[in-house]
Amino acid sequence: MDLDNREALRANDPGGLGARMAEFPGQLLEGWRIARATDLPSRYGDATAVAILGMGGSAIGGGLVKAIVTDSCPVPIQDIRDYRLPAAVGPHTLVIASSHSGETEETLSAFEEAISRGARLAAVTTGGRLAEMARKHDIPLLEFTHPGPPRAAIGFSVSLILGLLWRAGLVPNASTEMKGAVALLERAGARLQEESPTAQNRAKQIAQMLQGRIPVIYAAEHLSPVARRWKTQFNEVAKTAAFFEILPEFDHNAIEGTGFPEAAQSDLVLISLVSAFYHERSIRRARLTAEILSSRGLQVEGVDVEGDNRLEEALWSVFLGDYASLYLAALNGVDPHFTPNLDSLKQQMAHSEGAD
Ligand code: F6R
């Protein structure tokens, strides 16, 4: 597969996931517009904690927002990817359910529990049972329209959840930062999209490097959820085994876990997402970690992320990883849109109740 052959790329992507990826900056703007027009009850600003519910592609936006506002949000934020809520979630918690389809059973189960605990609630979805529940219980609903798969709606989930926290009075207005991020992504999109040749296209270069290999992406702080996003996109889009690690924890265990099986060493590519905004010790740590791993014969690739603040860096690096997964799907000869195992499992779960 020649990544500079546009027809071949399009033929490998009949569902048009590449076109959906290009909508990222536009989704950010549209999601921000929806959030700006949403009024929330004033008591939401008194929440003593935030819990964001969601799975997979709909969870990643919450994870990113949590990491981006860590310096400005005065209350703790938890992202919950499960059926049950921790005991700490109660009437003073703002619980945000994020589900693209509005049909994800883990998210619905946790949201039902949040309703019964009298939490302050909001829902982010395109419809489904989540929208129905929100309407029935008079819960603020941030509804958006998106015909593609959930993982391609990342711009909506980030801007809607960030906007929701702003409208609740829990974080400052980020309109200016959002505008700056959109401009950065529009410029980056021109370099990353299918028409941009490999020689200038970092995403195509990364995909080529990863063909036939196992990526392990590691990052710190606000880029930790991005490392996870890269992993999940390599899984879902390119059908590739991929893993992620978080610094500084990585240095306390995983750094030793690359010796065996010996044959696997040449299969691994370690990708380090490097930010100028990390804690100064984390910057040093990232460099030393890469040096040690390289000296053990492992391939380590550093990605210096672009952006003038944490929001820009996180969104720019999500964009890069998304396109890299699209091109890796092309090199693997797999349809980036279809997720047959994921869909089959969801169907089987939907047609059974309880444990069996
Ligand atoms: C599919 C995808 C999945 C879904 C997840 C939850 O593109 O990314 O990870 O996001 O199965 O489904 P929703 O988003 O509908 O709640």
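Everything numeric in this text was worked out from a predicted model, so none of it was measured.

**Structural notes on the overall build of the chain**
Logical step 1: Per the secondary structure count, the chain includes 13 helices and nine strands.
Logical step 2: In terms of overall dimensions, the chain is globule-like: its C-alpha atoms have a radius of gyration of 20 Å, near the 21 Å expected for 356 residues.
Logical step 3: Taken along its principal axes, the extent of the C-alpha atoms in the chain is 55 × 45 × 45 Å.
Logical step 4: Each of the 356 residues in the chain was classed as buried or not, and the buried ones make up 53%.

**Points about the packing of helix α3 (residues 24-36) against helix α7 (residues 154-168)**
Logical step 1: It is the contact of α3 with α7, at a shortest axis distance of 7 Å, that shows an interaxial angle of 30°. Taken together, the axes of α3 and α7 are roughly parallel relative to one another. Crossing geometry of α3 relative to α7 is assigned as right-handed. Where α3 abuts α7, its residues Phe24, Gln27, Leu28, Glu30, Gly31, Trp32, Ile34, Ala35 and Arg36 lie against Ile154, Gly155, Phe156, Val158, Ser159, Leu160, Leu162, Gly163, Leu164, Trp166 and Arg167.

**A closer look at the sheet that holds strand β4 (residues 120-125)**
Logical step 1: Sheet architecture is open: five strands sit in the order β2-β1-β3-β4-β5, paired in parallel fashion. Two strands lie at the open edges of the sheet, namely β2 (77-80) and β5 (141-143), each paired on one side alone. Along the sheet, successive strands turn relative to each other by an average axial angle of 15°, direction set aside.
Logical step 2: Across four bridges, the pairing between strand β1 (residues 49-53) and β2 is parallel. Among the inter-strand pairings, Leu53 is bridged to a residue of β2, identified as Ile80.
Logical step 3: Relative to strand β3 (residues 93-99), helix α5 (residues 105-116) is tilted by about 155°, and along the sheet it contacts β1, β3 and β4.
Logical step 4: The sheet strands contacting α7 are β1, β2, β3, β4 and β5, and the helix crosses β3 at an angle near 160°.

**Some details on empty space enclosed by the protein**
Logical step 1: Applying the stated criterion across every chain, the model contains two cavities of 30 Å³ or more.
Logical step 2: Estimated volume of the largest cavity: approximately 50 Å³.
Logical step 3: As for the largest cavity, its lining consists of Leu9, Asn12, Asp13, Glu194, Leu326, Tyr327, Ala330 and Pro336.
Logical step 4: Here the lining of the largest cavity gets three residues from one element, more than from any other, and that element is helix α12 (residues 310-332).
Logical step 5: For the lining of the largest cavity, a count of residues per class yields five nonpolar, one polar and two charged.
Logical step 6: Around the second largest cavity, the lining residues are Gly57, Ser58, Ser98, Ser99, His100, Val124, Phe144, Pro150, Ala153 and Ser157.
Logical step 7: For the lining of the second largest cavity, the per-class residue count stands at four nonpolar, six polar and no charged.

The rules behind each value
Residues numbered from 1 in each chain as written. Predicted model: local features only at pLDDT ≥ 70, side-chain atom pairs only at ≥ 80, totals over all residues. Heavy atoms only, no water. Helix = DSSP H or I, 4+ residues; strand = E, 2+ residues; numbered from the N terminus. Rg over C-alpha atoms; globule rule 2.2 N^0.38 Å. Buried < 20%, exposed > 50% of the residue type's maximum accessible area, 1.4 Å probe, protein only. Axes fitted to C-alpha atoms, helices over the stretch in contact; angles between N-to-C directions. Parallel < 35°, antiparallel > 145°, perpendicular 65-115°, else oblique. Left-handed = near helix turned anticlockwise from the far one by under 90°. Contact = heavy atoms within 4.5 Å. Pairing = 2+ DSSP bridges. 1 Å grid on protein atoms, 1.4 Å probe; cavity = no way out; pocket = protein on both sides within 12 Å on 5 of 7 lines; lining within 4 Å. Points joined across faces, edges and corners; volume = space filled by probe spheres on them. Nonpolar A, V, L, I, M, F, W, Y, C, P; charged D, E, K, R; others polar.

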